[in-house]
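Descriptive analysis of the structure
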Amino acid sequence: MEAHELDERQRELWRRGAQGWERRQGAIRLRSAPVSEWLVNAIDPQPGERVLELAAGPGETGFMIAKRLGPEGRLLCTDQAPQMIEVARRRASELGLTNVDFAVIDAQRLELERGTFDAAVCRWGYMLMADPDEAMRRTRLALRDGARLAMATWDRPARNLWMAAPALALVGQGAIPPPNPSDPSPFALPDPADLQRRLRSAGFSEARSEPVEFAHRYPSFGEYWAETMDLSVPVADAVAALSPADVDAVRASARDTLSQFIAPDGQIEAPAAAIVAAAVA
């Protein structure tokens, strides 16, 4: 696909996935807390500052920041999918946050006033963009000199079998083609050294990166599968196109991949690994 086609596909996936992400946001928030906490601590938001969140999704990372900014500070919560922004808007209302603004923005086309933000965060967003380097460059332009950026991507599939298992099963059954490594995907930016290089090329300095390891826990494989269908539109679409027998085969293959993490009582505790990075504008 051309870059614009890849981007439009991502927008459509997130439009369609917003409802599932809203339904599952409590579990997502709990599991992803180690990564969100790293990002928040890396930018160390101060009262009165202006912070930009890109590819915010349900907004939980930004809302942690908003609580530190106080009434004089502002968070700009952005996402390319209007449906995701509405999910975030409802969550901010539940939390009683009054210092958050919302905007539908594609980070690759970010055109905010230059040098107006004190910090920016992007959790699991850049790797889903056809041109992450352009998005990072535009992020840098929106930040004042000396501002902070913190971001997260996912480590390799082998380090995140909880996410990779269904896709591996679908490929194994011939239901979907093997992924193109150059396409945007959760695993498109897994190299810490590469992230540092990209950040420096975008105009940042003092770039650093490291893995953050945590766990994804589920009460049963059935609950894991149901959540996966809620959160991954491409997987759900591929499964929906299969016959009942092929669905059973895909489920069995995914379960076999995760069997090493399944306890005798059926609970799953699968390791997860993100790559986090921080830099100075």
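Keep in mind that what you see is a predicted model, and the values were worked out from it rather than measured.

This part takes up the overall build of the protein. Regarding its fold elements, the protein presents 11 helices and 7 strands. Against the globule reference of 19 Å for 281 residues, the protein gives a C-alpha radius of gyration of 19 Å, in line with a compact fold. Seen along its three principal axes, the alpha-carbon backbone of the protein occupies a region of about 55 × 40 × 30 Å. Scored against the burial criterion, the 281 residues of the protein give a buried share of 52%. Contacts in the protein between residues at least 24 apart in sequence constitute 81% of all its contacts with a sequence separation of at least 6. Of the roughly 12500 Å² of accessible surface on the protein, a fraction of 50% belongs to carbon and sulfur atoms. Each charge class in the protein was averaged separately, 32 positive and 40 negative side chains, and the resulting centres sit 3 Å apart.

Along strand β1 (residues 50-54), 4 of the 5 residues are buried, which leaves the element largely enclosed by surrounding structure. Crossover handedness for the path β1 to helix α4 (residues 60-69) to strand β2 (residues 74-79): right-handed. Bridging between β1 and strand β4 (residues 117-123) involves 4 bridges; their strand directions are parallel. In the strand pairing of β4, Glu-53 is matched with Val-121.

Turning next to the sheet that holds β2. One open sheet holds the 7 strands; their spatial order is β3-β2-β1-β4-β5-β7-β6, and the pairing between them is mixed. Each end of this open sheet is capped by a strand with a single partner; those strands are β3 (100-104) and β6 (205-218). Going from strand to strand, the sheet's axes swing by 15° on average, the running direction of each strand aside. Examined bridge by bridge, β2 and β3 share 5 bridges and lie parallel to one another. By the bridge assignment, Asp-79 is partnered in β3 with Val-104. Packed onto the sheet, helix α5 (residues 82-95) meets β2 and β3 and runs at close to 170° relative to β3.

What follows is about the packing of aromatic side chains. The full count for this structure, using the stated rule, is 7 aromatic pairs. Between Phe-221 and Tyr-224 the ring centres are 5.6 Å apart and the planes differ by 40°, which places this aromatic pair in the tilted class. Of this pair, Phe-221 and Tyr-224 are both found in helix α9 (residues 221-231), 3 residues apart, which corresponds to roughly one turn of the helix. Through a chain of ring-to-ring contacts, the aromatic side chains of Trp-124, Trp-154, Trp-162 and Phe-214 assemble into a single cluster. The ring of Phe-117 carries the charged tip of Arg-50 above its face, separated from the ring centre by 4.6 Å.

At a minimum axis distance of 11 Å, the contact between helix α7 (residues 161-172) and α9 shows a crossing angle of 80°. When the interaxial angle is binned, α7 and α9 end up roughly perpendicular. Across the interface between the two elements, Leu-161, Trp-162, Ala-165 and Pro-166 of α7 pack against Tyr-224, Trp-225 and Thr-228 of α9. For the contact of α7 with α9, the class distribution of residues is 6 nonpolar, 1 polar and no charged.

A word on the side chain of Gln-80. Positionally, Gln-80 belongs in the loop between β2 and α5. With relative accessibility at 17%, the residue Gln-80 sits in the buried group.

Next up on the list: the environment of Pro-234. Relative to the helices and strands, Pro-234 is located in helix α10 (residues 233-240). As a C-alpha pair, Pro-234 and Ala-167 span 67 residues in sequence and 9.0 Å in three-dimensional space.

Even without a glycine there, the phi angle at Ala-55 is positive, about 50°. A relative accessible area of 26% places Ala-55 in the partly exposed class. Located in the positive-phi region is Trp-124, a residue other than glycine, with phi close to 55°. Within the secondary structure, Trp-124 sits in the loop between β4 and α6 (132-142).

Conventions used here
- Residues numbered from 1 in each chain as written.
- Predicted model: local features only at pLDDT ≥ 70, side-chain atom pairs only at ≥ 80, totals over all residues.
- Heavy atoms only, no water.
- Helix = DSSP H or I, 4+ residues; strand = E, 2+ residues; numbered from the N terminus.
- Rg over C-alpha atoms; globule rule 2.2 N^0.38 Å.
- Buried < 20%, exposed > 50% of the residue type's maximum accessible area, 1.4 Å probe, protein only.
- Contact = heavy atoms within 4.5 Å.
- Areas by Shrake-Rupley, 256 points an atom, 1.4 Å probe, with all protein chains shown as cover.
- Lys, Arg positive; Asp, Glu negative; His and termini not counted.
- Charge placed at Lys NZ, Arg CZ, Asp CG, Glu CD.
- Right-handed = clockwise from strand over helix to strand, strands pointing away.
- Pairing = 2+ DSSP bridges.
- Axes fitted to C-alpha atoms, helices over the stretch in contact; angles between N-to-C directions.
- Phe/Tyr/Trp six-rings, centres within 6.5 Å; stacked < 30°, edge-to-face > 60°.
- Lys NZ or Arg CZ within 6 Å of the ring centre and 35° of its normal.
- Parallel < 35°, antiparallel > 145°, perpendicular 65-115°, else oblique.
- Nonpolar A, V, L, I, M, F, W, Y, C, P; charged D, E, K, R; others polar.

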